[in-house]
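# Summary of structural features
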Amino acid sequence: MTQSAAQQFKSTRSGRLVVPGWMNLVPGKPDAVEVQLDVVPEDLGRTHASLLIEYWATPDDLTLQSVLPIRAFGAAQDGWCAIVPAAGRVLVRAIDPEPTPPVLASHWINVDPATVPGTTVHVRVAFPAQPNPVQNLLNPGRA
């Protein structure tokens, strides 16, 4: 499912870079699902934003956690992905500490053990628009 490109693996299916460490996560469970991370073009210029990606093999077992800066998406023409077994949960959190208030949004993906190997899942990441000063004045007490 992958090929090495100068110390960085790429998915042979999509050509996307694989987030480092996101292959062969559970011994005895083959890679089956490609989780493609799609950041909308409007957010590629965010300076401090990042994605926190977690894989939980079981509800009690945080198997892997990685941080991927949004800047990495502008540098990778084909995008990024994570490859996981057909079991467990993937949590993707979009974080941008720069605005006030900071942005934190999350999305769980439950991977069914009956998932067909080679399945692709797309996670679209779109940060909410910053409120303008007039909106803040119209909504006192809301930060």
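Notes on the structure in this doc start here. All values reported here derive from a predicted model rather than from experimental measurement.

How each quantity is defined
Residues numbered from 1 in each chain as written. Predicted model: local features only at pLDDT ≥ 70, side-chain atom pairs only at ≥ 80, totals over all residues. Heavy atoms only, no water. Phe/Tyr/Trp six-rings, centres within 6.5 Å; stacked < 30°, edge-to-face > 60°. Lys NZ or Arg CZ within 6 Å of the ring centre and 35° of its normal. Salt bridge = Lys/Arg side-chain N within 4 Å of Asp/Glu carboxyl O. Helix = DSSP H or I, 4+ residues; strand = E, 2+ residues; numbered from the N terminus. Buried < 20%, exposed > 50% of the residue type's maximum accessible area, 1.4 Å probe, protein only. Pairing = 2+ DSSP bridges. Axes fitted to C-alpha atoms, helices over the stretch in contact; angles between N-to-C directions. Core = buried A, V, L, I, M, F, W, Y, C linked by side-chain atoms within 4.5 Å. Contact = heavy atoms within 4.5 Å. Polar contact = N/O pair within 3.5 Å; in protein donor to acceptor, adjacent residues only side chain to side chain.

## What to know about the packing of aromatic side chains
Tallied over the entire structure, the rule returns one aromatic pair. When the ring centre of W108 is taken as reference, the NZ or CZ atom of R89 above it lies at 4.0 Å.

## Considerations on the pattern of salt bridges
Considering all chains together, one arrives at four salt bridges under this definition. We note a salt bridge from K10 to D78, for which the minimum N-O separation is 3.6 Å. Linking K10 in strand β2 (residues 8-11) with D78 in the loop between α1 (71-75) and β7 (80-85), this pair joins segments that are 68 residues apart in sequence. We classify D78 as partly exposed; its relative accessible area is 43%. One salt bridge connects D43 with R46, and the closest N-O pair in it is separated by 3.0 Å. For the pair shown, D43 and R46 are each scored as buried. Salt bridges sharing partners connect three or more residues here, namely D43, R46 and D96.

## Comments concerning the sheet that holds strand β6 (residues 61-69)
One open sheet accounts for four strands, arranged β6-β5-β8-β9; its pairing is antiparallel. Each having just a single partner strand, β6 and β9 (103-110) make up the two edges of the open sheet. Within this sheet the neighbouring strands show an average axis-to-axis angle of 15°, counted without direction. Examined bridge by bridge, strand β5 (residues 50-58) and β6 share eight bridges and lie antiparallel to one another. Bridge assignment links W56 to a residue of β6, and that residue is L62.

## Details of unusual backbone geometry
Of the consecutive residues T100 and P101, the connecting peptide bond is found in the cis state with omega at 0°. Among the secondary structure elements, P101 is positioned in the loop between β8 (89-96) and β9. Notably, N24 is not glycine yet its phi reads approximately 50°, a positive angle. With respect to the helices and strands, N24 occurs in the loop between β3 (17-18) and β4 (31-39).

## Re the nonpolar core
Grouped together as the largest cluster of nonpolar side chains are 36 residues, with contacts concentrated most on W22, L37, L51 and V84. Taken together, the elements giving at least two residues each to this core come down to β3, β4, β5, α1, β7, β8, β9 and β10 (119-125). Those residues in contact with W22 that lie beyond four places of it in its chain are I53, E54, Y55, L64, S66, A82, I83 and V84.

## Focus on the side chain of Q8
Inspection of the secondary structure assignment puts Q8 in strand β2. What makes Q8 buried here is its relative accessible area of 17%. From its side chain, Q8 meets the backbone oxygen of V18 in a polar contact 2.6 Å long.

## Remarks on the side chain of R16
Relative to the helices and strands, R16 is located in the loop between β2 and β3. At 3.2 Å, the side chain of R16 forms a polar contact with the backbone oxygen of L37. When residues no more than four places from it in sequence are discounted, the contact partners of R16 are F9, K10, S11, E34, Q36, L37, D38, D78, G79, W80, C81 and H122.

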